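Listed below are the residues making up each chain.
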Amino acid sequence: MDLKRFHTNDTPRVYVACLGAYNAGKYVGEWVDADSCLAETVKELTQKWHAIGGHEYGDEWAIHDHEFGLAWPGGEYPDLDKVGELGEALEEHGDAFAAYLTYVDTSGRDIWEIVDEFIEDYAGDDTEANTAQEYAEDAGYIDFGSGNPLTYCIDWQHAYKELGFYNVLGYNFRERQ
């Protein structure tokens, strides 16, 4: 499963389509940044379309495409404020955050609460064995400088799971305690 978002800028975009035009057999719409201004941008687009197409175009819209990858909240008529917040969070935290969103339950939750949990849980994109070893060293479970030969006999791949890590699409996270 490929998570990478394919777009030309850092802010995920959405394709906002004019439903009145669509129902009239015309495809009218625009790609716009999904940021905190998304609701206002869509309002401006619908006003522009109404000026072009009059009553036939109306003011109804739908999201017909997006650059959110697997992180899309779903549907053609999402809450634009929430999509804008999600777009800003993805711009700031990238594909690791998008991977995290495929694993955690986000329904009805504040996006910034989820971002805080992501920051706390994210453990990088190194190998699972290296992630576990680094964590064990940082937590003081082992000391490679001690000269104890047993520190070199640890199965770090197994320790990864025992230490509460999990991997989502190549990114490492630590289970919430």
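To be clear, the structure that these remarks concern was listed above.
What comes next is a walk through the structure. These numbers come from a predicted model, not from an experiment.

## A closer look at helix α5 (residues 128-138)
Among all positions in α5, only E128, T131, A132 and A136 are buried. Taken around the axis of α5, the buried residues stretch over an arc of 125°, which confines them to a single face. Here the buried face of α5 lies against β4 (122-124), α6 (156-162), β5 (165-168) and β6 (171-174). Phi for G140, located one or two positions after α5, is positive at around 85°.

## With respect to the sheet that holds β6
Across the sheet, which stays open at both edges, the three strands sit in the order β4-β6-β5 with antiparallel pairing between neighbours. Of all strands in the sheet, those bounded by a partner on one side alone are β4 and β5. The average angle at which neighbouring strand axes cross in this sheet is 35°, direction not considered. As paired elements, β4 and β6 share two bridges and run antiparallel to each other. When the bridges of β6 are listed, Y122 appears paired with F173.

## Focus: the sheet that holds strand β2 (residues 29-33)
If you walk across this open sheet you meet the three strands as β2-β1-β3, and the pairing is antiparallel. Strands at the two margins of the open sheet, each flanked by one partner only, are β2 and β3 (61-66). Between one strand and the next, the sheet's axes are offset by a mean angle of 35°, whatever the strand orientation. The pairing of strand β1 (residues 13-18) with β2 spans five bridges and is classified as antiparallel. The partner of A17 across the bridge, within β2, is G29.

## A look at unusual backbone geometry
Positive phi, normally seen in glycine, also occurs at L169, with a value near 50°. When you line up the elements, L169 lands in the loop between β5 and β6.

How each quantity is defined
- Residues numbered from 1 in each chain as written.
- Predicted model: local features only at pLDDT ≥ 70, side-chain atom pairs only at ≥ 80, totals over all residues.
- Heavy atoms only, no water.
- Buried < 20%, exposed > 50% of the residue type's maximum accessible area, 1.4 Å probe, protein only.
- Helix = DSSP H or I, 4+ residues; strand = E, 2+ residues; numbered from the N terminus.
- Arc of directions from axis to C-beta.
- Contact = heavy atoms within 4.5 Å.
- Pairing = 2+ DSSP bridges.
- Axes fitted to C-alpha atoms, helices over the stretch in contact; angles between N-to-C directions.

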